[in-house]
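Residues per chain are reported as follows:
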Amino acid sequence: MSRVHNFNAGPAALPLPALERVQAQLVDFRTEDGQGTGMSILEHSHREPPYEKVHREAMRLLRELLSVPDTHDILFMQGGARAQFAFVPMNLLHAGKSADYVVTGTWAKGALEEATIVATMQGARVRQVVSTEKDGRFARIPTKDELSFDPNAGYVHITSNNTLFGSQWSSYPDTGSVPLFADMTSDLCSRKIDVSKFGLIYAGAQKNIGPAGVTVVIVSKDLVANGRKDIPQIFQYRVMSKNESLFNTPPTFSIHVMKETLVELSKKGGIEALEAEASKKSSMIYDRLDARPDFYRGPVEKASRSKMNVVFRLPTEELEKKFLKEAEQKQLVGLKGHRSVGGVRASLYTAVPVASVEALASFMDTFATANDH
Ligand code: PMP
């Protein structure tokens, strides 16, 4: 078997032991006591104990890893993070109210666009607090002075990590009594967070915590209880919460793989260990950019640099193509920047081994030496 160094932006690398466990049990799923069940987890009912245990264990592991307090529910939903762009205002933006959105990248913009449609349907409003877009690009997180929130807003929405442009909030804004909501699709479980400071957090699993197909929502029980009831049940956080995310058939296989991934993340030594590893891995690449600023150019302001998605450019597009081609020959794959941004992007999510990042850093040294004339 040969596995490449996978720097995909998502779906992305998963821990090998998790994949191997999934593989070993694919046709005969074993319960905790090691007993075979004679069928795959793909074939189990979502209403029977073998699957129910997987479901609950995935929730428990997530709660433990992120120290999610009892004040907050954990929901497993479908439709990806993009569905949450709509579900968040559908549930939590009440008629006559306004919500504040901070725009720091393409996904933040997408969240605002979707909320604008929903707000119009619901007799509510949305407001862009600030956008850091400049000449069609985003290179920074706003400063404190730029963040003047509406004290009567229903909530403030931010995108904690901007996957395409490679920026990340290093600390979160103080929104006073207004609940803070965050799209953490590309950095959930990579850093310690104080969940009690957030009204709601959501994340598509396919970057840091599992495969595509399941979206995690962590939401304050108070907000759930006061959520709108005049929307379809399948979209209601209340209904999902009341039914422990088993209102309808959940994406059982995705949740199973997520559970196995969370087992591996937990083994690394908790969230502090994951955070330290993310710092270590991203520093290895940023050090290369800083050592050769004339060759590797990081477009993101230093204070806003992402520890998940390291974006950089080379002196010419031709050199970028050459870099990507030679990287691939060295089994370093998934490094092409997003089609709307170009350049190179190394996604260093939780399951990307340190050894893969070392291989990339060393390739960057060799490539720069050979091509910097
Ligand atoms: N938000 C962020 C920050 C993302 O990175 C992405 C996907 N790259 C999305 C939202 C959209 O996620 P999905 O494809 O799960 O809808």
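Residues numbered from 1 in each chain as written. Predicted model: local features only at pLDDT ≥ 70, side-chain atom pairs only at ≥ 80, totals over all residues. Heavy atoms only, no water.

Student: Got a sec to walk through the pairing of strand E7 (residues 156-159)? Specific residues and values, please.
Tutor: Side-chain alternation along E7 places Val156 and Ile158 on one buried face and His157 and Thr159 on a second face that is also buried. For strand E3 (residues 98-103) and E7, the ladder comprises two bridges, and the chain directions are parallel. Considered in E7, the bridge of Asp100 is made with Val156. (Buried < 20%, exposed > 50% of the residue type's maximum accessible area, 1.4 Å probe, protein only. Helix = DSSP H or I, 4+ residues; strand = E, 2+ residues; numbered from the N terminus. Pairing = 2+ DSSP bridges.)

Student: With reference to specific residues and values, describe the site of the ligand.
Tutor: Residues in close proximity to the ligand total 13 residues, the closest being Arg82, Thr163, Asp183, Gln206 and Lys207. Here Trp107 contributes a side-chain N or O atom positioned 3.4 Å from an oxygen atom of the ligand. Within the side chain of Lys207, one N or O atom sits 2.9 Å away from a nitrogen atom of the ligand. If the ligand stood free it would expose 400 Å²; the protein chains cover 84% of that surface. Here the shell around the ligand takes four residues from helix H3 (residues 80-92), the largest share from any one element. (Near = heavy atom within 4 Å. Polar contact = N/O pair within 3.5 Å; in protein donor to acceptor, adjacent residues only side chain to side chain. Areas by Shrake-Rupley, 256 points an atom, 1.4 Å probe, with all protein chains shown as cover.)

Student: Before we move on, can you summarise the nonpolar core with the specific residues and values?
Tutor: By size, the foremost hydrophobic cluster in this structure holds 46 residues, and its most contacted members are Leu66, Phe76, Val102, Leu188, Ile209, Val216 and Met258. Ranked by size, the runner-up nonpolar core spans 36 residues in total, among them Ala81, Tyr101, Val103 and Tyr155. (Core = buried A, V, L, I, M, F, W, Y, C linked by side-chain atoms within 4.5 Å.)

Student: I'd like a description of the packing of aromatic side chains, backed by residues and values.
Tutor: In the structure shown here, the tally under the stated rule is 14 aromatic pairs. With 4.3 Å between their ring centres and 15 degrees between their planes, Tyr155 and Phe181 make a pair best called stacked. Placement of the pair is Tyr155 in the loop between strand E6 (137-138) and E7 and Phe181 in strand E10 (residues 180-183), with a sequence separation of 26 residues. Pairing Tyr172 with Phe198 gives two aromatic rings, centres 5.1 Å apart and planes at 80 degrees, and the pair type is edge-to-face. Of this pair, Tyr172 sits in the loop between strand E9 (167-168) and E10 while Phe198 sits in the loop between E10 and strand E11 (200-204), placing them 26 residues apart in sequence. Looking at Phe198, the relative accessible area reads 3%, which means it is buried. Clustering of aromatic rings is evident, with ring pairs tying together Phe295, Tyr296, Phe312, Phe323, Phe363 and Phe367. (Phe/Tyr/Trp six-rings, centres within 6.5 Å; stacked < 30°, edge-to-face > 60°.)

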